[in-house]
Amino acid sequence: MSTSPAAEAATSRLGIAAQAARRRTFAIISHPDAGKTTLTENLLLAGGAIRAAGQVRARGENRRTRSDWMKIERERGISVSASVMTFDHAGLMFNLLDTPGHEDFSEDTYRTLTAADAAIMVLDAAKGIEPQTLKLFEVCRLRDIPIITFINKMDREAQDPFALLDEIGSKLALDPAPLYWPAGSGGRFKGMLDLTRDKFIPFAKRGGGPAGQEDGHPPAIAFKGNAVVSYLDPDELEELGENAELVSGASKPFDPQAFLEGHMTPVFFGSALRHFGVDELLAGIGAYCPPPKAVAAVKGGEPAQVQPGASEVTGFVFKVQANMDPNHRDRIAFLKICSGQFTRGMKLKAPNTGKNPLKTISVNAPMMFFASDRELAEDAFAGDVIGIPNHGVLRVGDSLSESGSLRFAGLPNFAPEILQRVRVKDPLKAKHLKKALESLAEEGVTQLFRPTIGSDFIVGAVGQLQFEVMADRLANEYQLEVIFEPSPYGEARWLVGDKADLEDFQSKHRSAMGADIDEQPVYLAKSAWDIGYATERYPRVRFERAKERA
Ligand code: G4P
């Protein structure tokens, strides 16, 4: 940690609202291979949370070798699980939420983004906007999350930066506002111009580490000064000057309000691998990304806005992860705090949600996750994420508060893209299978549907990889050998409408009806065509693609 005891004592005296205001909770979104892991690591390095690059990956490896189900993750070289990394730097508390890179886990990513107050979009400078970047960007837009762009890998041959900005403008309908401008790329990459301060930041051909360190890049110098010629030859100097003029004429100046509203993205350039541009990015996150804002909720049946500085402790569970520590069969619920000052040992309540009665949880061992370790959280404020170990009590989407009368909206389930029937090889274990499937569905790994007729279990997922992870976990954690088989269903939709209308529809479609784990009625259709047909014939019934937890 980079904070001195004196600074810590000063921050501990801050009030709830001031503590919330110094939180920056953000996620990194990117297409696989654009450099998310490398950037994560270098942000932690820049923030003083780790001392050397390689620790994040090492930690990951360590966890993976100890955990059986993550074998898949290792074999495929993808990151399946998401977690959070917290660090205190320059008077601010940064919470970096990790999102899985693989598209089959887009639902997991979506939920993680509900806990983020901002996102960093990493682009590979040679590739620009790739398919997965676009998908994740759309999720951010749905939630109005402000986005900072980091154009990575400038130490390799890159596309023309003007073309990259054009692409951001045209594909994302977002105004790019470059705060820096690169001098060359690849072997001719010389550094970048800080457009707001008119300073040149040289790129060291060798080395690369945080500013001020032995292998760090040279310090920034005045662009108009004499020293710049030791880094740029006359042609390069002229070109950079011209480009800087061109870009300030061609793009809108950075407007923090437009950024917060999701219309504009400040653009940074750099090389995560060589730790270039990363200190600037971290400073930009601190300066421009918003602290946690008020969150819409329902309190005692009335709509309410929960202010981060309010005294009642509130939060919502956006992720549940099993097996973080395989020695303990625990599950960890990740709670994003929305208001109040949480202290260890506090009792929090989840409201009654029909099927699930009011639950009270004594949070005696909350965890905060630092780069190389996890620690007991003595206190936490809006913007922070704490891990609550529990044995299956907490579910994704649960709202927790001191009063138990508050519920946050907005953690939907999406209609799955693949529906398969699951069967256990040993029929004597059918009862076990039910429990295991319910437990995985509660964790948000997959969705579970029970057709009204018959005894099948139908599992829904976004991608094939989720079934593989599931089979692996059922075998390792529950000793259940399962087989997934094609099901007659191609689509699932939640039914919403008046009781009489729903009953009418259900009675005529019994063979295509089912329920989810909350006992909500689901239409299990053969195809999208069937849904279109039903929508026309039953205009008073809504066939919903997404369901928000009640
Ligand atoms: P991801 O999490 O987005 O999937 O990407 P990751 O950070 O794993 O980076 C993907 C590859 O790109 C890695 O190389 C990494 O070293 C490289 N990389 C990341 N940032 C930069 C950069 O700024 N410049 C250059 N030149 N390369 C970068 P790899 O060979 O696949 O893995 P490794 O053997 O280096 O770990």
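Details of the structure are given in the entry above.
In this report, we go over the structure that sits alongside the text. (Residues numbered from 1 in each chain as written. Predicted model: local features only at pLDDT ≥ 70, side-chain atom pairs only at ≥ 80, totals over all residues. Heavy atoms only, no water.)

Details of the overall build of the protein chain
Assigned secondary structure in the protein chain consists of 15 helices and 34 strands. Each of the 550 residues in the protein chain was classed as buried or not, and the buried ones make up 54%. Of the roughly 23700 Å² that the protein chain leaves accessible, carbon and sulfur atoms contribute 51%. (Helix = DSSP H or I, 4+ residues; strand = E, 2+ residues; numbered from the N terminus. Buried < 20%, exposed > 50% of the residue type's maximum accessible area, 1.4 Å probe, protein only. Areas by Shrake-Rupley, 256 points an atom, 1.4 Å probe, with all protein chains shown as cover.)

Notes on helix 13 (residues 464-478)
With 15 residues, helix 13 extends 21 Å between its outermost C-alpha atoms, agreeing within 8% with the 21 Å of an ideal straight helix rising 1.5 Å per residue. Those residues of helix 13 that fall on the buried side of the exposure criterion are Leu465, Gln466, Phe467, Val469, Met470, Asp472, Arg473, Leu474 and Glu477. Where helix 13 ends, the next residue or the one after it, Gln479, has phi of about 50°, a positive value. (Expected span 1.5 Å × (residues − 1).)

Comments concerning the nonpolar core
Side chains of nonpolar character tend, in soluble globular proteins, to be buried together. Counting residues in each nonpolar core, the largest one holds 85 residues, and the members touching the most others are Phe26, Leu39, Leu43, Ile120, Leu281 and Ile285. A per-element tally of this core places strand 4 (residues 118-124) first, with six residues. Per-domain counts for this core show at least three residues from each of domain 1 (23-288) and domain 2 (295-409). Those residues in contact with Leu43 that sit more than four places away from it in its chain are Phe26, Ile28, Phe87, Leu96, Val278, Leu281, Leu282 and Ile285. Val313, Met346, Met368 and Val396 belong to the second-largest nonpolar core, a separate cluster that totals 22 residues. (Core = buried A, V, L, I, M, F, W, Y, C linked by side-chain atoms within 4.5 Å. Domains from an automatic or database assignment. Contact = heavy atoms within 4.5 Å.)

A closer look at the pairing of strand 27 (residues 447-451)
Burial analysis of strand 27 places four of its five residues in the buried class, which makes it a mostly covered element. Inspection of the sheet shows strand 27 paired to strand 28 (residues 457-461) by three bridges, in the antiparallel sense. Among the inter-strand pairings, Leu448 is bridged to a residue of strand 28, identified as Val459. Between strand 27 and strand 28, which follow one another and run antiparallel, lie five residues, and Gly454 among them has a positive phi close to 95°. Where strand 27 and strand 31 (residues 513-515) come together, two bridges link them in antiparallel fashion. Along strand 31, the bridge assignment pairs Arg450 with Ala515. (Pairing = 2+ DSSP bridges.)

With respect to the packing of aromatic side chains
Each aromatic ring pair is characterised by the separation of its centres together with the angle its planes make. This structure, assessed with the given rule, holds 19 aromatic pairs. Seen in terms of ring centroids, Phe203 and Phe276 are 5.3 Å apart; in terms of plane orientation they differ by 85°. Their pairing is edge-to-face. Of this pair, Phe203 sits in the loop between strand 9 (199-202) and strand 10 (221-222) while Phe276 sits in the loop between strand 11 (264-269) and helix 11 (278-288); the two residues are 73 residues apart in sequence, bridging distant segments of the chain. Phe276 shares its class with Phe203; the two are buried. Arranged with centres 4.9 Å apart and planes meeting at 85°, the rings of Phe505 and Tyr538 form a pair that is edge-to-face. One end of the pair, Phe505, is in helix 14 (residues 499-508); the other, Tyr538, is in the loop between helix 15 (528-537) and strand 33 (542-544), with 33 residues separating them in the sequence. The pair formed by Phe505 and Tyr538 is uniform in burial state, with each residue classed as buried. (Phe/Tyr/Trp six-rings, centres within 6.5 Å; stacked < 30°, edge-to-face > 60°.)

Brief notes about the sheet that holds strand 8 (residues 191-194)
What holds strands together in a sheet is hydrogen bonding between their backbones, with the strands either parallel or antiparallel. Across the sheet, which stays open at both edges, the four strands sit in the order 7-8-9-10 with antiparallel pairing between neighbours. Each having just a single partner strand, strand 7 (180-183) and strand 10 make up the two edges of the open sheet. Pairing geometry for strand 9 and strand 10, over two bridges, is antiparallel. By the bridge assignment, Lys199 is partnered in strand 10 with Ala222.

A short note on the site of the ligand
The full set close to the ligand counts 17 residues, and Asp33, Lys36, Thr37, Thr38 and Asp155 are the nearest of them. At 3.0 Å, a side-chain N or O of Asn152 approaches an oxygen atom of the ligand. Separating an oxygen atom of the ligand from a side-chain N or O atom of Lys153 is a distance of 3.1 Å. Relative to its free-state accessible area of 710 Å², the ligand is covered by the protein chains to the extent of 69%. When residues of the shell around the ligand are assigned to their parent elements, the largest contribution, three residues, is made by helix 3 (residues 36-46). Counted by class, the shell around the ligand contains four nonpolar, seven polar and six charged residues. (Near = heavy atom within 4 Å. Polar contact = N/O pair within 3.5 Å; in protein donor to acceptor, adjacent residues only side chain to side chain. Nonpolar A, V, L, I, M, F, W, Y, C, P; charged D, E, K, R; others polar.)

Remarks on the sheet that holds strand 6 (residues 175-178)
Strand order across the open sheet formed by seven strands is 2-3-1-4-5-11-6, with mixed pairing between neighbours. Each edge of the open sheet is held by one strand with a lone partner, namely strand 2 (84-89) and strand 6. The sheet shows a mean angle of 30° between the axes of neighbouring strands, direction not considered. Alignment of strand 5 (residues 147-152) against strand 11, held across three bridges, turns out to be parallel. What sits directly across from Thr149, in strand 11, is Val267. (Axes fitted to C-alpha atoms, helices over the stretch in contact; angles between N-to-C directions.)

With respect to unusual backbone geometry
Its identity as a non-glycine residue notwithstanding, Ala173 has a phi of 50°, on the positive side. With respect to the element layout, Ala173 can be found in the loop between helix 8 (161-172) and strand 6. For Ala173, a relative accessible area of 52% gives the class exposed. The phi angle at His275 is positive, at roughly 50°, despite the residue not being glycine. Looking at the secondary structure, you find His275 in the loop between strand 11 and helix 11. Note on His275: relative accessible area 2%, which makes it buried.

Focus on the pattern of salt bridges
Taken as a whole, this structure holds 24 salt bridges when the rule is applied. Among the salt bridges present, the one from Arg197 reaches Asp194, with a minimum N-O distance of 2.5 Å. Residue Asp194 is classed as buried on the basis of its relative accessible area, which comes to 4%. Here Asp456 ties to Arg421 by a salt bridge, and the two come within 3.3 Å at their closest N and O atoms. With Asp456 in the loop between strand 27 and strand 28 and Arg421 in strand 26 (residues 418-424), this pair connects stretches of sequence that are 35 residues apart. (Salt bridge = Lys/Arg side-chain N within 4 Å of Asp/Glu carboxyl O.)

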